[in-house]
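Letter by letter, the chains look like this.
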Amino acid sequence: MDAARFTRRQFVAATSLGSLAAVAGRSVPARAAASGVTSKLAVRGGTPVRTKGFPGWPIWDKDRDEPQVVSVLRSGVWSRSKVVAEFEKKYAELLGAKRCLATTHGTTALLTALNTLDIGVGDEVLVGPYTFVASVSVILLSGALPIMVDTDRETFLVNPEKMEAKITPNTRAILPVHIYGLPADMDRINAIARKHNLVVLEDACQAWLAELNGKKCGTHGNLGCFSFQNSKHLTCGEGGAVVGNDDAVMDRAVSYHNFGHGGSRLGSKCRMTEFQAAILLAQMARLEEQTQRRWENAVYLTAKLREIPGITPHRLYDGVTRAAYHLYPFRYDPQEFNGAPRDKFIAALRAEGIPSSGGYGRLNKAAFIEDTLSSRNFQRMYSRDQLDHCRAQIECPDNDLLCSEAVCFSQRLLLGTKEDMDDIAAAIGKIHENREQLA
Ligand SMILES: Cc1ncc(COP(=O)(O)O)c(C=O)c1O
């Protein structure tokens, strides 16, 4: 049976009795043999499962987005004013937070929050290494020490089981990251924080409208931070926000982000512009529908991928009522794919028309960490023992393994239809069934 003679729909139909449904019993070799279905992988010159693209990003339209931006342009008021204030009010309402402060970036939101919570020189901050560089660099930029807590390979999130062992008298804060928009185990993290009198700063930079027990990510800790950079689900090119419920704390954040005005403390400048807020207000109108679509497609896709040998979709913690899926991750086991390394699998998947990537690298081993710890400033700020303690925490074996086995799909793919999800599963099923061609 030559897949080249099939349209995608026919291929899926054929393989629903062969490759794909074969996958259902995790006894693919036997069933595949029974179905007699073999296809040339696209990476070997066969016909791809899919030739059409997935939705592009960002999404905007003439009627909703353009007039908002033009109106700011024509007003002549371009730096922070009424439009930013309107965005802050609406975003706080959307999240169920009392207050929101808009900033220039997610990074400046995190820096503002750390300063506001008084975290700096002498402090240790617990953070997981499976994240974007900024989650860790902001801790060092604030003069504090990032103490790595290993990743839970099943969930891709910081492992609360390993958290308490890392607490010392210098620990001041926990910085859980809802990476890929998958909610971290906030109930356990908050319980640990309460027990040890720590503050919790959520890095929700990828978790717009993700929820745990119906409560939005970013509102579980003392403060939550968001990014609105170009790839993000709520975007204005570059932008960020801090959310919180404590007026005194939020007043300090407002002051810090505006040179310390209105207070007596040192400040910086990270004020959002009216243009950024205008785009965000237009984008916000689509966020709920898009978030729900990604969530429903992800749940559907997980059920399909779970049935394919060698593919282990991420696990969601109990209590997750919605994940945001900035990326959709799963783990790949080469043993079930004829020993083919992950890169070969990703290349084969791309050739079948499914864009994918290997996710994050080993941030715990990133050179900038040692470079900063051995810098003149950090040597003046910390004793050798404190720096060595921080260095020792970069050993995160579960994270290192995860970084070599993860495969991810961009959020764009989840904005498609159920049939698009079928294509993703069909492509992986086809590669599995024809895995000897990966050699
Ligand atoms: C988890 C995480 N934290 C922080 C940031 C920093 O946000 P920004 O790029 O808006 O500064 C990002 C951005 O990608 C992120 O994904």
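Residues numbered from 1 in each chain as written. Predicted model: local features only at pLDDT ≥ 70, side-chain atom pairs only at ≥ 80, totals over all residues.

Peer 1: Kindly report on the overall build of the protein chain, identifying the contributing residues and their values.
Peer 2: The number of helices and strands found in the protein chain is 16 helices and 15 strands. Radius of gyration (C-alpha) of the protein chain: 23 Å, near the 22 Å computed for a compact globule of 439 residues. Taken along the three principal axes of its C-alpha coordinates, the protein chain extends 75 × 60 × 35 Å. Within the protein chain, the fraction of its 439 residues that count as buried is 51%. Residue pairs in contact within the protein chain that sit at least 24 positions apart in sequence constitute 72% of those at least 6 positions apart. (Helix = DSSP H or I, 4+ residues; strand = E, 2+ residues; numbered from the N terminus. Rg over C-alpha atoms; globule rule 2.2 N^0.38 Å. Buried ≥ 20, exposed ≤ 12 C-beta atoms within 10 Å, placed from the backbone. Contact = placed C-beta atoms within 7 Å.)

Peer 1: Go over the packing of helix α6 (residues 106-116) against helix α7 (residues 133-141) with me, naming the residues and quoting the values.
Peer 2: Interhelical geometry of α6 versus α7 gives an angle of 40° and a closest axis separation of 10 Å. As the angle between them shows, α6 and α7 are arranged oblique. As α6 runs across α7, the sense of the crossing is right-handed. Residues G106, T107, L110, L111 and L114 of α6 form the contact with α7, whose participating residues are A134, V138 and L141. In the contact of α6 with α7, the residues fall into six nonpolar, two polar and no charged. (Axes fitted to C-alpha atoms, helices over the stretch in contact; angles between N-to-C directions. Parallel < 35°, antiparallel > 145°, perpendicular 65-115°, else oblique. Left-handed = near helix turned anticlockwise from the far one by under 90°. Nonpolar A, V, L, I, M, F, W, Y, C, P; charged D, E, K, R; others polar.)

Peer 1: How would you sum up the domain arrangement of the protein chain? Please name residues and give values.
Peer 2: Domain annotation of the protein chain identifies domain 1 (3-54 + 287-359 + 403-438) and domain 2 (65-282). Opposite the 20 residues of domain 1 that make contact, domain 2 presents 21 residues. Within the residue set of the side of domain 1 that touches domain 2, elements represented by two or more residues are α10 (274-305), β13 (320-322) and β14 (327-332). By residue number, the principal contributor to the side of domain 1 that touches domain 2 is α10, which donates four residues. Partitioning the side of domain 1 that touches domain 2 into residue classes produces nine nonpolar, seven polar and four charged. (Domains from an automatic or database assignment.)

Peer 1: Could you give me a rundown of the environment of H432, with the residues and numbers involved?
Peer 2: Position of H432 relative to the elements: it lies in helix α16 (residues 418-433). Between the alpha carbons of H432 and I308 there is a distance of 7.8 Å; along the sequence they are 124 residues apart.

Peer 1: Got a sec to walk through the sheet that holds strand β2 (residues 124-127)? Specific residues and values, please.
Peer 2: On the basis of which strands lie adjacent, the open sheet formed by seven strands has the order β1-β11-β10-β7-β6-β2-β3 and mixed pairing. A strand with exactly one partner marks an edge of an open sheet, and here the two such strands are β1 (99-103) and β3 (145-148). Ignoring which end each strand starts from, the neighbouring axes of this sheet average 25° apart. Inspection of the sheet shows strand β10 (residues 223-227) paired to strand β11 (residues 240-244) by five bridges, in the antiparallel sense. Paired with C225 across the strands is V242, a residue of β11. Packing of helix α5 (residues 82-95) onto the sheet brings it into contact with β1 and β11, and relative to β1 it is tilted by some 130°. (Pairing = 2+ DSSP bridges.)

Peer 1: Can you break down the packing of α6 against helix α9 (residues 247-256) residue by residue, with the values?
Peer 2: Between α6 and α9, whose axes approach to 9 Å, the crossing angle comes to 125°. One way to sum up the angle between α6 and α9 is to call them oblique. Seen along the crossing, α6 lies across α9 with a hand that is right-handed. Residues T112, A113, N115 and T116 of α6 form the contact with α9, whose own contacting residues are V249, R252, A253 and Y256. Per-class residue counts for the contact of α6 with α9 are four nonpolar, three polar and one charged.

Peer 1: Describe unusual backbone geometry, listing the residues and the values that go with them.
Peer 2: Each neighbour pair has its own omega, and for W57 with P58 the value is 0°, a cis peptide bond. Residue placement: P58 occurs in the loop between α3 (28-35) and α4 (65-75). In this structure, N197 takes a positive phi of about 55° despite not being glycine.

Peer 1: Give a detailed account of helix α11 (residues 342-351), specifying residues and quantitative values.
Peer 2: Taken together, the buried positions of α11 are occupied by F345, A348 and L349. Buried residues of α11, viewed axially, fall in a sector of 100°; they line one side. In the core, the buried residues of α11 are packed alongside β14 and α16. Of the residues one or two after α11, G353 is the one with positive phi, at around 100°. (Arc of directions from axis to C-beta.)

Peer 1: Lay out the nonpolar core with the relevant residues and their values.
Peer 2: Counting residues in hydrophobic clusters, the biggest one holds 120 residues, and the most contacted among them are A113 and A173. Counting contributing residues, this core receives three or more from each of domain 1 (3-54 + 287-359 + 403-438) and domain 2 (65-282). Residues within four places of A113 in sequence aside, it is in contact with L201, L223, C225, V242 and A253. (Core = buried A, V, L, I, M, F, W, Y, C linked by C-beta atoms within 7 Å.)

Peer 1: Outline α16, listing residues and values.
Peer 2: Given 3.6 residues per helical turn, the α-helix brings residues three or four places apart onto the same face. Given a rise of 1.5 Å per residue, 16 residues ought to cover 22 Å, and the 22 Å separating the end C-alpha atoms of α16 matches this to within 8%. In terms of residue burial, α16 counts as a mostly covered element, since 13 of its 16 residues are buried. (Expected span 1.5 Å × (residues − 1).)

Peer 1: Let's hear about the pairing of β2: which residues, and what values?
Peer 2: By the alternation rule, side chains of β2 split into E124 and L126 and V125 and V127, which are all buried. Relative to β3, β2 runs parallel, the two sharing four bridges. Of the residues in β3, the one forming a bridge with L126 is I147. Crossover β2 to β3 through α7 is right-handed. (Right-handed = clockwise from strand over helix to strand, strands pointing away.)

Peer 1: An account of the sheet that holds β14 is needed here, citing residue identities and associated values.
Peer 2: Strand order in the open sheet formed by three strands is β12-β14-β15, with antiparallel pairing between adjacent strands. Two strands lie at the open edges of the sheet, namely β12 (311-313) and β15 (406-410), each paired on one side alone. Neighbour to neighbour, the strand axes of the sheet diverge by 30° on average, direction disregarded. In this sheet, β15 lies alongside β14 in antiparallel orientation, the contact comprising five bridges.

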